[in-house]
Structures are given as structure tokens and as C-alpha cells.
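Results of the structural survey
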Amino acid sequence: MPPSTTPAAPRRKLAEQVARRIEDEIVERGWPVGEALGAEAELIARYGVSRAAVREAISILEYKQVAAMRRGRGGGLVVRAPAGAVVAEAVAAFFHFADVSVGELYDARITLEVLAARLAARRIGEDDIPHLREVAATDRVDRPLSVAIAQATGNPVLSIFIPTLTRVTGALAGGPSDDFALGTDMSSVRHRALLAIAEAIVSGDEVKAERRVRRHLEGERAWLDKVRQAQAAGRSQPVGGPGSLAQRLAGAVTDGTAGKLPEKVAMLVRQEIHRRGWPTGEVLGNEASLREELGVSRAVFREAMRILEHNGVARMRQGPGGGLVVQAPDPARVVDALVLYLRYLKVRATELFEVRTAVELKAIELAAAHAPHEDTAELAAALDHERDPAIRPEPALANVHVTLARMSGNRLLSLFTAVLVRLVRFRPPEGAVRDPSLVIHEKIADAVLAGDASLARHRMSRHLAALEPWLDPSPPC
């Protein structure tokens, strides 16, 4: 994972703390969309902070589409329904910065999309069938078949994770056109493959659906490898396209792209950072020069900068030599964004667990395949932590799972594991967790360190199956 970011200013930290407290209050109240939480003065008194901290907290909540300030009589901070697209874009931007490999991306995509194909074939309803067939037939970049399949599963976790990965794919490919630059023959092959996948799902043939999705994605992996090789050789256009920032912003404003102007400015600056290869520590310019280049007001510019700072993309540094400094995005922010959105969706424990099972089984298989591991200190520390009777067993158990996932070397699967472990909770009988879990964790670790992928997967599969009856059905908090 990328290194941690430079510490933010104290007021910024306070604003984020206030935003988090408001989020927690919204979740505790059942996410009452449309309800006012209070006027600005009430929020200042409730949380005991300054007007500036509350206003910055509100900016964070508005960008995340958790709440928005409504002016006038009966106004105040009003709860909103957050948009999955905003979350998916933030996660995709992080992984683009992290420069995930094609192998990492497709190991994650195949894991989740094969699961989605199997579940969709089992669960698809009459109303989903015409839509799935139409999406397969038209094959548009803005409506990929993988997303339609995820929606047909009825599992909200897949409906946010899979669109995120399609965005990462687009970023790695450099922004494909509707024909994916495949040429006539390859486009025809792709078209037939998508129709065949859709029909396997419609027929309820899980085995055939899985096989066709896997074969299709392996073909995409080979294609994207070639695209990336061409980019490395300097034959591809950088992300962001030609033209000045002001010209591209004008295009974003006139083409109907969703979002307020500050959000569009923030998105454009993030794309420019992508285009430059994410040069951490580099100063892109001071406020005056960037405002002139973008052609926006001070208020719009500063709101956009708050969005970038919240996402850990860049921060304004004051003083001589200051300006907008590129940062390394913090994976913890990405985990928090996904956790919050899934809390809003009130995802059921069984839905979380079926995705977690698929992700962890692939992660443990990859972890064993990467043996021998040069550094096993983190795993040893996690197991020692679990043995400590002073530590509550559930967090210790979760820490071992996250550590094992990190050993996979796949940053997508590792982050998804961290999200799902945060949300999946268990209600085991008293004393039923620590000793049995410690024994199986040690056995799983032994198999991973020995490089025995089959045995590691077998043991993790049995372990997760044993935990499933203890799932806590209450909404994640």
C-alpha cells in the first residue's frame, strides 16, 4: 500500500472528527433521508466546535452525499442518500494511484465476477432478464454487462465492488471508447461472448455462466496487458486528454457530467494528477495560478481543494514554496468510504459473508502461492495478539484475517477484506471463539508459509464455514 499521508492541519482533523460523529448519528437514527439534523448554530453547540470546523465537516458530508445544507425556514443539515458512483470513483482513484497491476485487477475481477455469475444464474428474476439481454447486446462502456450481472445477484456488496473494478480497468486502459479499440474481428468475438454469458445466466446454468465469464475475463486480461505494454512504450495518450484545464473543465460542465462545479474541478485536478503519473510531493501551483488556469472563483476553488484534501489526493501548503501538493491517498479513507456506504445500504450479514468468503479464499490461495515470504513478522504479531487473553477475541480474529489477506500481494483483495471484516460480526457462544480459531489460524498460517495453496484454501474454507452459523444478523455499525 502507498505510504501514509502527511498529517493534516489540526482544524482539518477536527472537521473530519465532526463529520464522522455526524455520520455515526445518521447511521444510529436509521439513515432518515430528508430529515434535518439541525441548523449550523445547533451543530456548533451540539459538537462543541467552531463555526469553521462545522462548515468544513459539512463540506465533507456534502461531497460524500451523506448530508447537505438547506437554507431558509425549516432548513438545516439534511440527510441525503449517498451515491454509489461517488464511492466507486474514490476507490478507483486510489487503486489507480497505487498502480495496481493487470494481474491484481483481474484476480480480483475474476473472483467477484465469477461469484456474481453463479449467484445471478441462481437468483435472476423475470424483470432482470430483458435488461440483462439488452445490456449484453448493446455493449456500452457506461453500462458494462458485469454491472448488470452484479445487480441481478441482489447482493449490494457486489453492486458496489464490481463497478469499482470496472472503473479501475478503464483507468488502466486509458479511457476506452465504446468499441474498446478492439477492431472489427475482436469486437465481434467480444459481442458473441457477452451474449453467451447473458444466456447462460438466463438459463440458470451456473457452471456454464462461471466458465464463460472466466474465459471472457482471461481474454480481457491478455488484451489489457497488451494495452499497458503499448502505454509503457509511449504509444498511448495519457489520461486526461488534450487541452488546458480550463478547456477540459468547460467540457465537463457542458457535457452534462453529474456533480456541482467544485466537484468537477476536484475531479479534473485528480485526472491531471493521474496524467502526470501521481508525483507525490510535487507542487502543482499556488492558488492564484491554479484559479487562473481553471477559470473559477475563489469560493469554487477552495471548496474543490477541500474535496481533494478529504480524499487524501492533495493538500494546500501555506508559506514560501507552498501551493497544492500532491499526496499519497490513504487506504484507510477508502475503507471508511466503502464501510459507510454499505452501512447506508443496510446490507445483510449473509450478503456480506458470501462475498467475504470468495474474497478471502482467493486471497489465501495467492498468499500461499507467494511463499516463501521474506517478512512474516506481521503475521507472527497478529497470532501473538490473538493469543493474548487481555485482547477481545473478535478484533484479534479479524486482525489475523486482514493480515493473511495482505500477504496475498493483491491490494484490491486486501482492501476488500479489510472492509468486509469491519462489517461482518459474529455472535458465538461464550468461549467458543478464541481457542478453536487460534488453532485453525495457526494451521492456515502454516499452510501459507509452506506454500501449500490447496491446503491453505481448504483450511480457510472450513474455518469460514464453521463461523457462518454465528453470523450476527443485526445491521453493521
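The paragraphs below set out a description of the structure included in this document. The structure presented is a predicted model; accordingly, all values stated were derived computationally and were not measured.

So, on to the overall build of the protein. The helix and strand tally for the protein stands at 21 helices and 4 strands. Going through the 477 residues of the protein one by one, you find that 51% of them count as buried. The contacts of the protein with a sequence gap of at least 6 include a subset with a gap of at least 24, amounting to 75%. About 21500 Å² of surface is accessible on the protein, with carbon and sulfur atoms providing 52% of the total.

Moving on to helix 8 (residues 156–173). A rise of 1.5 Å per residue sets the reference length of helix 8, with its 18 residues, at 26 Å; its end C-alpha atoms lie 26 Å apart and thus fit the reference within 8%. Where burial is concerned, most of helix 8 is hidden: 14 out of the 18 residues are buried. Regarding helix 8, its N-cap is Asn155, as a side-chain oxygen of that residue lies 2.8 Å from the backbone nitrogen of Val157 further along.

With the rule as written, the count across this model stands at 6 aromatic pairs. Taken together, a centroid distance of 4.0 Å and an interplanar angle of 10 degrees make the contact between Phe161 and Phe416 stacked. Of the two residues, Phe161 sits in helix 8 while Phe416 sits in helix 19 (residues 411–423), which places them 255 residues apart along the sequence. With a centroid separation of 6.1 Å and 90 degrees between ring planes, the pair formed by Phe353 and Phe426 is classed as edge-to-face. Remark: Phe426 occurs in the loop between helix 19 and helix 20 (434–449) and Phe353 occurs in helix 16 (residues 349–369); sequence separation between them is 73 residues. Phe426 matches Phe353 in its accessibility class, with the two residues each being buried. Grouping aromatic residues by their ring pairs yields a cluster made of Phe94, Phe95, Phe161 and Phe416.

With that settled, the discussion passes to the pattern of salt bridges. For the structure shown, the criterion picks out 36 salt bridges. Of the charged contacts, one joins Glu210 and Arg118 as a salt bridge, the two residues approaching to 3.4 Å between their closest N and O atoms. On the criterion of sequence distance, the pair formed by Glu210 in helix 10 (residues 206–232) and Arg118 in helix 5 (residues 102–123) is long-range, its members being 92 residues apart. With relative accessibility at 26%, the residue Arg118 sits in the partly exposed group. A salt bridge links Arg302 to Glu287, with the nearest nitrogen and oxygen atoms 3.2 Å apart. Of this pair, Arg302 sits in helix 14 (residues 298–310) while Glu287 sits in helix 13 (residues 287–294), and the two are 15 residues apart along the sequence. For Glu287, a relative accessible area of 19% corresponds to the buried category. It is possible to trace a salt-bridge network through shared partners that takes in Arg109, Glu113, Asp139, Arg190 and Glu220.

Okay, the pairing of strand 1 (residues 67–70) next. As defined by bridge partners, strand 1 adjoins strand 2 (residues 76–79) across 4 bridges and the pair is classed as antiparallel. Bridge pairing in strand 2 places Met69 opposite Leu77. Between strand 1 and strand 2, which pair antiparallel in sequence order, lie 5 residues; one of them, Gly72, sits at a positive phi of approximately 90 degrees.

Rules used in this analysis
- Position labels on residues start from 1 in each chain and follow its written sequence.
- In view of the model being predicted, local features appear only for residues whose pLDDT reaches at least 70, and side-chain atom pairs are presented and counted only at 80 or more, with totals across whole chains, interfaces and linings using the full set of residues.
- The basis for the side-chain values is all heavy atoms of the structure; hydrogens and waters are excluded.
- Strands are runs of DSSP state E lasting at least 2 residues, helices are runs of H or I lasting at least 4, and numbering of each runs from the N terminus.
- Relative accessibility under 20% of the residue-type maximum defines a buried residue, over 50% an exposed one, and the middle range a partly exposed one, all with a 1.4 Å probe and only protein chains included.
- Two residues form a contact once any of their heavy atoms are found within 4.5 Å.
- Only the protein chains shown count as cover for residues, with accessible areas throughout obtained via the Shrake-Rupley method and a probe of 1.4 Å.
- Expected span of a helix, by definition, is 1.5 Å for each gap between consecutive residues, and there is one gap fewer than residues.
- What qualifies as a polar contact is a pair of N or O atoms within 3.5 Å, subject to a donor-acceptor requirement within protein and to the restriction that residues adjacent in sequence count only when both atoms come from side chains.
- Centres within 6.5 Å are what make two rings of Phe, Tyr or Trp a pair, Trp counting through its six-membered ring; a difference in plane orientation under 30 degrees is then read as stacked, over 60 as edge-to-face, and the rest as tilted.
- Criterion for a salt bridge: a side-chain nitrogen of Lys or Arg within 4 Å of a carboxyl oxygen of Asp or Glu.
- Paired strands are those between which DSSP finds at least two bridges.

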